[in-house]
Amino acid sequence: MNILFRKSILLVVISLIPISSYAIDLGTYNDVKFNLGLQINRALMYVDDGSDKELFNVDNDNSSTRFNLKAETAIDNEFTLGAFFEAEFQSNASNEVDFESKSSEAVLNERYMEVYVKSKKFGQLSLGQGSGAADGNMERDLSGTNVINWANPALLGGAIRFGRTGPKISQTMTNLDFESRYDRVRYDTPKFGPVRLAISYGTKKDSDVTEAGIRLEKKLEGGTRLRGALGYSIEDTEEGNDTGKEKTVGGSFAVLLSNGINGTVAVGKSSDDDSSNPDSKFSSLKVGYLKGRHAVSVMYAMTKDRSRKGDESSSIGLGYVFSAKEWLDFYAGYKVHSLDRDGSNYDDIKILTSGLRARF
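Definitions and cut-offs
Residues numbered from 1 in each chain as written. Predicted model: local features only at pLDDT ≥ 70, side-chain atom pairs only at ≥ 80, totals over all residues. Heavy atoms only, no water. Helix = DSSP H or I, 4+ residues; strand = E, 2+ residues; numbered from the N terminus. Core = buried A, V, L, I, M, F, W, Y, C linked by side-chain atoms within 4.5 Å. Buried < 20%, exposed > 50% of the residue type's maximum accessible area, 1.4 Å probe, protein only. Pairing = 2+ DSSP bridges. Contact = heavy atoms within 4.5 Å. Salt bridge = Lys/Arg side-chain N within 4 Å of Asp/Glu carboxyl O.

Draft legend 1. Representation of unusual backbone geometry within the structure. Unlike most non-glycine residues, Asn 92 shows phi in positive territory, near 60°. Position of Asn 92 among the secondary structure elements: in the loop between strand E5 (80–90) and strand E6 (107–119). In this model, Lys 205 sits at a positive phi of 55°, which is unusual for a non-glycine residue. Examined against the element boundaries, Lys 205 turns out to sit in the loop between strand E9 (195–204) and strand E10 (207–219).

Draft legend 2. Spotlight on the nonpolar core. Counting residues in hydrophobic clusters, the biggest one holds 28 residues, and the most contacted among them are Met 45, Val 47, Phe 56, Ile 160, Ile 169, Phe 282 and Ile 349. At the level of elements, strand E2 (32–48), strand E3 (53–59), strand E15 (294–304), strand E17 (328–340) and strand E18 (349–359) are the ones that each hand at least two residues to this core. In terms of residue count, the dominant contributor to this core is E2 (3 residues). With 7 residues, the next largest nonpolar core counts Ala 324, Trp 327, Phe 330 and Leu 356 among its residues.

Draft legend 3. Spatial organisation of the pairing of E17. Of all 13 residues making up E17, 10 are buried, and the element is well covered by its neighbours. Across 13 bridges, strand E16 (residues 312–325) lies against E17 in antiparallel orientation. Along E17, the bridge assignment pairs Ser 323 with Asp 329. Counted along the chain from E16 to the antiparallel partner E17, the turn is 2 residues long. Relative to E18, E17 runs antiparallel, the two being bridged by 10 bridges. Opposite Tyr 334, over in E18, you have Leu 352 as the bridge partner.

Draft legend 4. Quick peek at the side chain of His 337. Within the element layout of this structure, His 337 appears in strand E17. Ignoring anything within four residues of it in the chain, the contact list for His 337 reads Pro 153, Leu 156, Phe 162, Ile 169, Ser 314, Ser 315, Asp 348, Ile 349 and Ile 351.

Draft legend 5. Spatial organisation of the environment of Val 267. Following the sequence through the fold, Val 267 ends up in strand E13 (residues 261–271). Counting along the chain gives 18 residues from Val 267 to Val 249, while the straight-line C-alpha distance between them is 8.6 Å. Discounting residues that sit within four places of it in the chain, Val 267 has contacts with Met 138, Val 249, Gly 250, Gly 251, Phe 282 and Ser 283.

Draft legend 6. Region of the structure containing the side chain of Thr 65. Following the sequence through the fold, Thr 65 ends up in the loop between E3 and strand E4 (66–74). For Thr 65, a relative accessible area of 10% gives the class buried. Not counting residues within four places of it along the chain, the set of residues in contact with Thr 65 comprises Gln 39, Ile 40, Asn 41, Asp 59, Glu 88, Phe 89 and Gln 90.

Draft legend 7. Molecular detail of the pattern of salt bridges. By the definition in use, this model includes 19 salt bridges. A salt bridge links Asp 52 to Arg 164, with the nearest nitrogen and oxygen atoms 3.4 Å apart. Of the two residues, Asp 52 sits in the loop between E2 and E3 while Arg 164 sits in the loop between strand E7 (123–131) and helix H2 (169–172), which places them 112 residues apart along the sequence. The salt bridge involving Glu 100 is made with Arg 164; its shortest N-O contact spans 2.8 Å. Taken together, the residues Glu 100 in the loop between E5 and E6 and Arg 164 in the loop between E7 and H2 connect sequence positions 64 residues apart. According to the relative accessible area criterion, Arg 164 is partly exposed, its value standing at 26%. Beyond isolated ion pairs, a larger network of salt bridges with shared partners links Asp 49, Asp 52, Glu 100 and Arg 164.

Geometric values such as these leave the question of function open.
Written out as structure tokens, the structure is:
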């Protein structure tokens, strides 16, 4: 822990180096407006698996280091044409390091490579690599702590194994947030009051993916905010694969009261055509308090039958975020992962993480 303390102090000192701006406006050329974005998210992650302890210097996969370029131009008074490119570049991703491999190779990974046309009247049509229509619908949140207490607990320490030789955390725990990003065509409707619908179809590796989602965003009189979503996806795997069609359904709902007290609940289920492969179920509950620049939350999550039928993989986490600036977050959190498996007795995995995220 002395090593953790010394490195944490160094991390804080480095973070005090002034940063000139929050966003970079590259200007307008030939009626096209360009914006450049950059995010750095580094953390120290201390892991105790019951038999060994290790300190990792990681890139926080809850909100990874990334850069992006956005371009937009008005076609007429109604329609806007745009393009968005975003890639991540992580050194020692927090969901990849383990006791055998304290570091992981930095690889440039695509996140978004899409073009789109949008209007307030007709909605938005997007084509290319990007989020499916239900992506993020298991992760609606108003706690202000997502950078450390994310909806998927496996993104911090996911490669750590129970009992050193047992399953990885990520093999037993997931929040079932549909099919993420892939090459697709997606349509988002205009808002109907506080509600917006989306559908998408595309290809993820060798699978065809169809998704549908609905989102709610509402601010009530008195200051209470509501944020919710439902989603459904079908991943049709390549011919000859026993799993066949994988279907996922679920959603999340968050509320933030005017006094700062907030709560989030998420429930999801995934199943496929392989009768020998158990259906996976996920549920979580988060409660928190958000006031000014400070946010704190506690989350309990459980995934059942993910790696093996009868498994119960659970996580309880405490997270705190101090938003020093609009573009700068300091955070710290502590999680305990447990796995209840018939015939096995695994020690809990404890993870202490502290770091910072800077967004330009």
